[in-house]
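# Examination of the molecular architecture
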Amino acid sequence: MLHKKMFGFEVRFINNLIKEVVSKTHPVTGQRPQTQLQAGIMAYLYHHQEQPVYQKNIEEAFNISGATATNTLRVMERNGLLTRSAVDKDARLKRIVMTEPAKEGHRQAEAHMDMMEEQMLRGLNEKEREELLRLLDIVKGNLERMRRETEEPGELKTAKGLSKTVTGGEISNAENIRSTD
């Protein structure tokens, strides 16, 4: 009997391969992000240069807490990737802007990402690429819906009205007997 491939494991494997290849092939630049979140923030800032960006925008765009955003932005500022400056109208608001060296590093990173994208999708025609993205959007939507529907930490409602509860690494099924009053 053939072993059934699990979608989540395949996605995780692909993600790990991408990280490995990127780390081995990415051009070495002076100032560059140290984490995936930092790299994502740099891309966000790069593509939103024409409009003011504040911490709240970062929190919403990356679905992260205020504390995570504050700590990440503080480290990025310390590493010379961005500056935060108070807005005239409200000193509590800090506009976030990439430094010039960070912009140059990001331009190089985007050229590298374009090359990676082309290599990863080699052998797929345009229609197949569009279909792959369409299917991944469905999976992403399903996961986002599951996240929203999570009622309590460690519990997910399934389509059959059962709840799956994770306790001590074990998953147990139980009838969903919550009262709706």
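All of these numbers come straight from a predicted model, not from anything done at the bench. (Residues numbered from 1 in each chain as written. Predicted model: local features only at pLDDT ≥ 70, side-chain atom pairs only at ≥ 80, totals over all residues. Heavy atoms only, no water.)

### Brief notes about the side chain of Glu59
Rules: Strands here mean DSSP runs of E at least two residues long; helices mean DSSP runs of H or I at least four residues long; both are numbered from the N terminus. As used in this structure description, the phrase polar contact means that two N or O atoms lie within 3.5 Å; if the pair is within protein, one of them must be able to donate a hydrogen and the other to accept it, and residues adjacent in sequence are counted only when both atoms belong to side chains. When checking whether two residues touch, look at their non-hydrogen atoms; a contact exists if any pair is within 4.5 Å.
Relative to the helices and strands, Glu59 is located in helix H3 (residues 55–62). A distance of 2.9 Å separates the side chain of Glu59 from the side chain of Gln55, its partner in a polar contact. Leaving out residues up to four positions away in the same chain, Glu59 has contacts with Ile64, Ser65, Gly66 and Ala69.

### Focus: the confidence of the model for the protein
Low pLDDT marks stretches whose predicted atomic positions should not be read closely. Rules: Values of pLDDT, the confidence the predictor places in each residue, fall between 0 and 100.
In the predicted model, the protein carries a mean pLDDT of 83, and the fraction of residues at 70 or more is 79%. The secondary structure element of the protein with the lowest average pLDDT is strand S5 (residues 170–175), at 42, and the one with the highest is helix H4 (residues 66–78), at 96. Note that residues 160–181 has pLDDT below 50 and, in this model, 28 contacts with residues that lie over four places away or in other chains.

### Examining the pattern of salt bridges
Heads up, the rule is: Salt bridges are defined as contacts in which a side-chain nitrogen from Lys or Arg sits within 4 Å of a carboxyl oxygen from Asp or Glu. Burial status follows relative accessibility: with a 1.4 Å probe on protein chains alone, a residue under 20% of its type maximum counts as buried, one over 50% as exposed, and anything between as partly exposed.
The tally for this structure, following the rule as stated, stands at 10 salt bridges. Notably, a salt bridge pairs Glu104 with Arg107, separated by 3.2 Å at the nearest N-O pair. Here Glu104 and its partner Arg107 are both found in helix H5 (residues 100–120), three residues apart, which amounts to about one turn of the helix. Overall, Arg107 belongs to the partly exposed group, its relative accessible area being 37%. Its salt-bridge partner being Arg129, residue Glu118 comes within 3.1 Å of it at the nearest N-O pair. With Glu118 in helix H5 and Arg129 in helix H6 (residues 126–149), the pair connects residues that are 11 residues apart, well separated along the chain. Residue class for Glu118 comes out partly exposed when judged on its relative accessible area of 44%.

### A few points about the nonpolar core
The test is simple: Only buried residues count toward a nonpolar core, which is a set of Ala, Val, Leu, Ile, Met, Phe, Trp, Tyr and Cys residues joined through side-chain atoms within 4.5 Å.
Counting residues in hydrophobic clusters, the biggest one holds 16 residues, and the most contacted among them are Leu45, Ile58 and Met76. Breaking this core down by element, the ones donating at least two residues are helix H2 (36–47), H4 and strand S2 (94–98). Per element, the largest residue contribution to this core is five residues, and it comes from H2. In this structure Leu45 touches Val53, Ile58, Leu82, Ile96 and Met98, once residues within four positions along its chain are discounted.

### A look at a nonpolar patch on the surface
What counts is decided by this rule: Here a patch means residues that are over 30% exposed by relative accessible area and free of salt bridges, tied together within 9 Å if like-charged and within 5 Å if nonpolar (Val, Leu, Ile, Met, Phe, Trp, Tyr). Computed with the Shrake-Rupley method and a 1.4 Å probe, the accessible areas treat only the protein chains shown as cover for residues.
On the surface, a nonpolar cluster with roughly 500 Å² of combined accessible area is contributed by Phe7, Val11, Leu124, Leu132, Leu133 and Leu136. Every element with two or more residues in the nonpolar patch is listed here: helix H1 (7–25) and H6. Sort the elements by how many residues they give to the nonpolar patch and H6 lands first, with three residues. Inspection of the secondary structure puts Val11 in helix H1. The partly exposed category is assigned to Val11, whose relative accessible area is 38%.

### Here we look at H6
The cut-off we apply is this: For a helix, the expected span equals 1.5 Å multiplied by the number of residues minus one.
If you check H6, its first and last C-alpha atoms are 35 Å apart, about what 24 residues at 1.5 Å a residue would give, namely 34 Å. Two to three positions downstream of the cap, the backbone nitrogen of Lys127 sits 3.0 Å from a side-chain oxygen, assigning the N-cap of H6 to Asn125.

### Remarks on the packing of aromatic side chains
Short version of the rule: Aromatic pairs are defined between Phe, Tyr and Trp rings, using the six-membered ring for Trp, whenever the two ring centres lie within 6.5 Å; interplanar angles under 30 degrees are classed as stacked, those over 60 as edge-to-face, and all others as tilted.
Within the structure shown, the criterion is met by one aromatic pair. Judged by centre distance (6.1 Å) and plane angle (70 degrees), the ring pair of Tyr44 and Phe62 falls under edge-to-face. Of this pair, Tyr44 sits in helix H2 while Phe62 sits in helix H3, placing them 18 residues apart in sequence.

### What to know about H4
Our working rule: What the arc measures is the spread of directions leading from the helix axis to the C-beta atoms.
Helix length check: H4, at 13 residues, gives a terminal C-alpha distance of 18 Å against a target of 18 Å (1.5 Å per residue), a fit within 8%. If you check which residues of H4 are buried, you get Ala69, Thr72, Leu73 and Met76. All buried residues of H4 lie within an arc of 95 degrees about the axis, which places them on one face of the element. Facing away from the buried side of H4 by over 90 degrees, the exposed positions are Ala67 and Arg78. On its buried face, H4 is in contact with H2, H3, strand S1 (82–86) and S2. In the stretch just after H4, Gly80 is the one whose phi turns positive, near 80 degrees.

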